[in-house]
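Reading the structure
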Amino acid sequence: MRAYELGNRQGGAITLRPVERADLVPGHGQVVMKVHATGLGARDISIMRTPYPPAEVKPWQNPPPPERIPLQDSAGEIMAIGPGVSRVRMGDRVIASHYPEFIDGAWDFDTMALTDFGDCFDGFLAEQALVPADSLVRIPDYLSYEQASTLQSSGLTPWRGLTVEANTRVGETVLTLGSGNVSVFGIQIAKMLGARVIATSSDDDKCRQLLALGADTVINYRRTPDWDREVLACTNGKGADVVLNNIGMPTLEKCLLACASNARVMHIGARPVVGASTTPVTISSLPNLISKSVMIKGFSVGSRRMFEDFLRAIELHRLQPCIDRVFSFDDALEAIRYYETGAKVGKIVIKII
Ligand SMILES: NC(=O)c1ccc[n+]([C@@H]2O[C@H](COP(=O)([O-])OP(=O)(O)OC[C@H]3O[C@@H](n4cnc5c(N)ncnc54)[C@H](OP(=O)(O)O)[C@@H]3O)[C@@H](O)[C@H]2O)c1
């Protein structure tokens, strides 16, 4: 089978290398997925740029070795089934959950964190992938493989934030930042839940695209650096009830300033994103945290059970994932270059087969 490996990433360069590997054979509890499509996210770009060997060894942030196949997104069909597997069949159209051990219930860092694809295990920039059968969810019939490949992290993360963690209620105001993967799904899901959405972007044309995707108000954060005040102004001084902070530390303070009483801030942004400041951020106080009784919640993607709920909901609403461009497997490096220009809105997909 054909695949790409990470390579050494000296100096933070992307050093993907095409390789030929033997066809995969599933072990106990595993299947082989024929990968039809994968996609790019900020996490993948960060992994592809983190040099190996690492400058310092941190047990849970040790970058993956040069032979690792990158990318966490997947959509494919089952082409081989190992012993002990009964919950899926040959030919099923499936997606692998981000953390194969996180099936349901509470998250446990010690047993679940070191199991993710494209990092701890080989990912999906390959024609085949070995996947634990328990991690698989079925692709809704109305979605193509390309569309389905956008869902597992970029879609599930805002779904979990808006439903499981923030319990967003009809009529509440949701604030989401930028026109990236997580943000665009955040807009679409928040509208599905009956919320009012305020979004931001650095570019007027992208602002128009976010309005077309369902946002009620979009603020150009480059032209309006005090966008937190603008959020207050367009909510009659009240602020946002739920915030998807998918940029992270650089925007945390302003997110808190834009909050309503009893707001819930979903602290999603972890890795650097294109266009965001890389200057280390020091926050001397967390505004509104106590005075407005605001909750900040951090979490990583979601369980298989949450993923299944998300897929049922989008099937019912016929949610259409926002794909900016589809690249071929041979053009994977071109896809990454385009991603890093910051021109995209929503997802970049790589079609494998
Ligand atoms: N916790 C989790 O489970 C989880 C899951 C998925 C992703 N993440 C994290 O979430 C973050 C976003 O990931 P992604 O894949 O959605 O990224 P992405 O698609 O690469 O997002 C890029 C976009 O971020 C926007 N942006 C940059 N700086 C901004 C700022 N100061 N204010 C507002 N928007 C800004 C830009 O939008 P404009 O071009 O419109 O300005 C840019 O196009 C990353 O840190 C990633 O690691 C976490």
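Residues numbered from 1 in each chain as written. Predicted model: local features only at pLDDT ≥ 70, side-chain atom pairs only at ≥ 80, totals over all residues. Heavy atoms only, no water.

Within the protein, the secondary structure is distributed over 10 helices and 15 strands. In terms of overall dimensions, the protein has a C-alpha envelope of 60 × 45 × 40 Å along the principal axes. Residues classed as buried in the protein amount to 53% of the 353 residues present. Pairs at least 24 residues apart make up 71% of the contacts formed inside the protein by residues separated by at least 6 positions. For the protein, the computed accessible surface area is about 15,000 Å², with 51% contributed by carbon and sulfur atoms. Here the protein contributes 37 positive and 39 negative side-chain charges, whose respective centroids are spaced 4 Å apart. (Helix = DSSP H or I, 4+ residues; strand = E, 2+ residues; numbered from the N terminus. Buried < 20%, exposed > 50% of the residue type's maximum accessible area, 1.4 Å probe, protein only. Contact = heavy atoms within 4.5 Å. Areas by Shrake-Rupley, 256 points an atom, 1.4 Å probe, with all protein chains shown as cover. Lys, Arg positive; Asp, Glu negative; His and termini not counted. Charge placed at Lys NZ, Arg CZ, Asp CG, Glu CD.)

This paragraph deals with the pattern of salt bridges. By the definition in use, this model includes 29 salt bridges. One salt bridge in this structure joins Arg223 and Asp204, with 2.4 Å as the shortest N-O distance. Note that Arg223 is positioned in the loop between β10 (217-220) and α7 (227-233) and Asp204 in helix α6 (residues 204-212), a separation of 19 residues in sequence. On the basis of relative accessible area, Asp204 is assigned to the partly exposed category, the value being 33%. One network of salt bridges, in which partners are shared, links Glu5, Arg17, Arg21, Arg68 and Asp122. (Salt bridge = Lys/Arg side-chain N within 4 Å of Asp/Glu carboxyl O.)

How big an interface is tends to be reported as the loss of accessible area on association of its parts. Domain boundaries in the protein define domain 1 (2-153 + 302-351) and domain 2 (157-298). Inter-centroid distance (C-alpha atoms) of domain 1 to domain 2 is 26 Å. With 31 residues of domain 1 at the interface, the matching set in domain 2 holds 21 residues. Together domain 1 and domain 2 conceal approximately 2,000 Å² of surface at their shared face, both sides included; 65% is due to carbon and sulfur atoms. Considering only the surface of domain 1 that becomes buried against domain 2, Met306, Phe310 and Val345 emerge as the three largest contributors, covering 25% of it. For the interface between domain 1 and domain 2, the tally reads zero salt bridges. Counting only elements with at least two residues in the side of domain 1 that touches domain 2, the list comes to α1 (42-49), α9 (304-317) and α10 (332-341). Its residues assigned to classes, the side of domain 1 that touches domain 2 comprises 15 nonpolar, 10 polar and six charged. (Domains from an automatic or database assignment. Buried area = accessible area lost by both parts, 1.4 Å probe. Nonpolar A, V, L, I, M, F, W, Y, C, P; charged D, E, K, R; others polar.)

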